[in-house]
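Coordinate analysis (summary)
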Amino acid sequence: MRRESRTDLPVLLPFRLGSAPPASPTWRPCAWHGLLLAAALTMAAMAAEAQAAPNVPSIIATLLKWTPLLAVGFLLNVAISVIAMAIGTVFGTFLGLLQVSLLPPVRGFSWFVTQFFRNSPWLVLLFYCMLLLPFELRIGDAIVPLPAWLKATFGLALPVMANVSELVRGAVLSIPLGQWESSEALAFSRRQTLWMIILPQCVKRMLPPWMNLYAILVVGTTLASVVGVNESMTLTGDILAAENRTELLVPLYLYLLLWFFAYCYPIARATVALERRFQVR
Amino acid sequence: MPIWTPDQPLIRIRDVHKTFGPITVLNGVSFDVMKREVICIIGPSGSGKSTLLRCINALVPIDRGSILVEGQEVHDAKLDKLALRRKVGMVFQQYNLFPHKTALQNVMMAPIHVLKQDRKEVEDRARRLLAKVRLSDKAAAYPGEMSGGQQQRVAIARSLAMNPAVMLFDEVTAALDPETVKEVLVTIRELAEEGMTCIIVTHEMGFAREVADHIYFTDRGVIVEHGPPKEFFANASDARTRQFLSQIL
């Protein structure tokens, strides 16, 4: 009788605990996406070159010429994303903690705020902030101007806040009940328990999805072009208008895409690496 | 307010009732624990042993009855629960160490932040406590780097750091490997011999016989039988107790 090298008894099948990658519905840039983009840019540049009228600067030369301006615009995208993320994280953390409050009215209110901003289109929130916030603030005698990009930043901070709030709530609820029990038994107050025992353990769990949220936010900052902020997307449109060359359209937008990819790709890699490391523990 | 004196029971439990929804967990439990006394509570799963311990330090509210700790009513709504819990140390089946802190930090946290004691003094005492549970070399280790038995001994040191008047042990060896059970039991026995008042919920009959001054057998929320270990194990009269003991021993 031949011995079977494999078995169909389920208990003997290889079983790995927690090593499977999480089923993540979010899209993340991969290295081959970058290669694809670069290849597309090269091909688009070549195709555009073929269509170009004689005696005009080459596509590559034109892209390089506008690179410093695009860089300034892109810097604004980065600034908006960083500030919006900071504001959203601070307020979102508090909102998330209110969501696990023992008082039902507080819990209900913060839940409503979270759901409201989480489920509103980013662009709608952006428009609301642009139109509702004044162009300057009077604090006593001082007048603080509120430029459009800052208002857009506040607009983007709102959905970030709501998403962070959900992250915090989920993370707090994922901490084993025993942690609450043992710190209660050691006479920690509820506030001390939250800040010293529960939240520090949440940071590790929240870091990968938080970085993911940031990468999405960076891409989302281009929405500010719709409300007239001079970020990279707006500037790309301006450049196209100034050059007035139809064949430039595809390569230039691809070029901008490549900028965002170069910024977000390392973040995505780091997120994946962190997720893997935390899963082993 | 009655003044408690050491000749009175440290813990006085009277007719405690507790239900979770339709399930009656405690159905009129009464007993006293004197200072320096070691009590073991045994009984089948679901007989309310763990719930009783949780009621003593107000982790779980009771429905009816009275629990006095040093003359203070635990059931009182006006009671400062945090003050009570400083007097009552508790060790859990799942250790529940704080995973983001080292063993030393685990022991130091509550005295520093709850009792507001001086950090330097607390650290000295924490190191002495870790030495006492024979884990001086693990002071800088995180819970994830220690075995179950080591984690449980850190948890004991962490409770002792609060200088409690009584220690509650909730099936502290139930989640451990057989080889590491002994090191934890030895630690608890040493504590008992030093005169620490202990209430121990356990399934380790040999240990209970050896360490306890008094054994209580609970089933379905009531104390069925109790007595000093020798009499208890030699001539248990109740049918339920005899059946339980015959299954375990």
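Each remark here, short or long, concerns the structure printed above.
Only a predicted model underlies this, so the values are computations on that prediction, with no experimental measurement involved. (Residues numbered from 1 in each chain as written. Chains lettered and ligands numbered in written order. Predicted model: local features only at pLDDT ≥ 70, side-chain atom pairs only at ≥ 80, totals over all residues. Heavy atoms only, no water.)

1. Observations regarding the pattern of salt bridges
Per the counting criterion, the structure on display carries 20 salt bridges over all chains. Linking Glu-166 of chain A and Arg-169 of chain A is a salt bridge whose minimum nitrogen-to-oxygen distance equals 3.2 Å. Of this pair, Glu-166 of chain A and Arg-169 of chain A are both found in helix α5 (residues 148-174), three residues apart, which corresponds to roughly one turn of the helix. In this structure Arg-169 of chain A comes out as partly exposed when scored by relative accessible area, which is 27%. In this structure, Lys-132 of chain B engages Glu-194 of chain B in a salt bridge whose closest nitrogen and oxygen atoms are separated by 2.6 Å. Taken together, the positions of Lys-132 of chain B in helix α4 (residues 119-132) and Glu-194 of chain B in the loop between α6 (178-193) and β8 (197-201) put the pair 62 residues apart, joining distant regions of the chain. (Salt bridge = Lys/Arg side-chain N within 4 Å of Asp/Glu carboxyl O. Helix = DSSP H or I, 4+ residues; strand = E, 2+ residues; numbered from the N terminus. Buried < 20%, exposed > 50% of the residue type's maximum accessible area, 1.4 Å probe, protein only.)

2. Structural notes on the sheet that holds strand β5 (residues 72-73) of chain B
Residue and element names in this part refer to chain B. Judged by pairing direction, the sheet is antiparallel, and its four strands sit side by side in the order β2-β1-β4-β5 without closing on themselves. The open sheet is flanked by β2 (23-33) and β5, the only strands paired with a single partner. Taken strand by strand, helix α1 (residues 49-56) contacts β1 (11-20), β2 and β4 (64-69), and its axis lies near 60° from that of β2. (Pairing = 2+ DSSP bridges. Contact = heavy atoms within 4.5 Å. Axes fitted to C-alpha atoms, helices over the stretch in contact; angles between N-to-C directions.)

3. Remarks on unusual backbone geometry
Positive phi, normally seen in glycine, also occurs at Ala-58 of chain B, with a value near 60°. Relative to the helices and strands, Ala-58 of chain B is located in the loop between α1 and β4.

4. Remarks on the interface of chain A and chain B
The interface of chain A with chain B comprises 16 residues on the first partner and 22 residues on the second. Buried surface at the junction of chain A and chain B, summed over both partners, amounts to about 1700 Å²; 64% is from carbon and sulfur atoms. Here chain A and chain B share two salt bridges between them. The closest approach of N and O atoms between Glu-181 of chain A and Arg-54 of chain B, which form a salt bridge, is 2.7 Å. Our enumeration of links across chain A and chain B arrives at seven residue pairs in polar contact (both at pLDDT 80 or more). (Buried area = accessible area lost by both parts, 1.4 Å probe. Polar contact = N/O pair within 3.5 Å; in protein donor to acceptor, adjacent residues only side chain to side chain.)

5. Some words on the pairing of strand β6 (residues 88-91) of chain B
All names here are of chain B. Along β6, one buried face is formed by Val-88 and Met-90 and the opposite face, lined by Gly-89 and Val-91, is buried too. Where β6 meets strand β7 (residues 166-170), four bridges bridge the pair, whose relative direction is parallel. Paired with Gly-89 across the two strands is Met-167, which belongs to β7.

Everything listed here is a matter of coordinates, which is why it stays silent on function.
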